Amino acid sequence: MSWRGSTTVPDRIFASLPYLLPLIEVFAFGQFLLKDFPFLGIIFLPLLPLLRIYYGVRYAGLIIFFALWLLVVRNEKISHFIRFNTMQAIILDIVIFLCSIVTDMVRLFPGSGFAMQTLYTTIFMGIVAAVAYSVFQSLMGRYAEIPAISDAVHMQVR
């Protein structure tokens, strides 16, 4: 349901594009799962050119983060639907950053190999599920309501 007006097809497409940022960021957490199940890599094959560009350009994540924040989220000339989804993608990216801090702390403990593998796989699957849900809802023209994250987005996007 679009509660701030109707959404056009271009709005739906543009609203789903920012979710590439958390999807690319979380790809590093999928190393254990993709190693155990290599056929899942086929799903992520279209991302390979973007991954090369993203990890090849220094500070690409930071540049994209601030570009989306300043040029999309804070621009009230852009529809609320696009700004909402962009902010939600940014917050998912922040969640990934916070999870990387947690995994760095867990890595300090000796014998944490299984815990790391479990943590990495859980983070990867959780973010991929959130991104898939959000992209599907965006393409359908509906706001993707993810508990806690969407509440934070509603506070940021007027």
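Up top you'll find the structure we're talking about.
Remember, it's a predicted structure, so these values are computed and weren't measured experimentally.

### Quick look at the environment of Gln-137
Note on placement: Gln-137 falls in helix α7 (residues 113-140). Through-space distance from the C-alpha of Gln-137 to that of Asn-85 is 9.9 Å; in sequence the pair is 52 residues apart. For Gln-137, the contacting residues outside a window of four places in its chain are Arg-142, Tyr-143 and Ala-144.

### Re the packing of helix α1 (residues 9-16) against α7
Packing of α1 against α7 leaves a shortest axis separation of 8 Å and a crossing angle of 165°. Considered as vectors, α1 and α7 are oriented roughly antiparallel to each other. When you trace α1 past α7, the crossing you get is right-handed. Facing Arg-12, Ile-13, Ala-15 and Ser-16 of α1, the residues of α7 in contact are Val-135, Ser-138, Leu-139 and Met-140.

Calculation rules
Residues numbered from 1 in each chain as written. Predicted model: local features only at pLDDT ≥ 70, side-chain atom pairs only at ≥ 80, totals over all residues. Heavy atoms only, no water. Helix = DSSP H or I, 4+ residues; strand = E, 2+ residues; numbered from the N terminus. Contact = heavy atoms within 4.5 Å. Axes fitted to C-alpha atoms, helices over the stretch in contact; angles between N-to-C directions. Parallel < 35°, antiparallel > 145°, perpendicular 65-115°, else oblique. Left-handed = near helix turned anticlockwise from the far one by under 90°.

It is worth stressing that arrangement in space is one thing and function is another; only the former is reported here.
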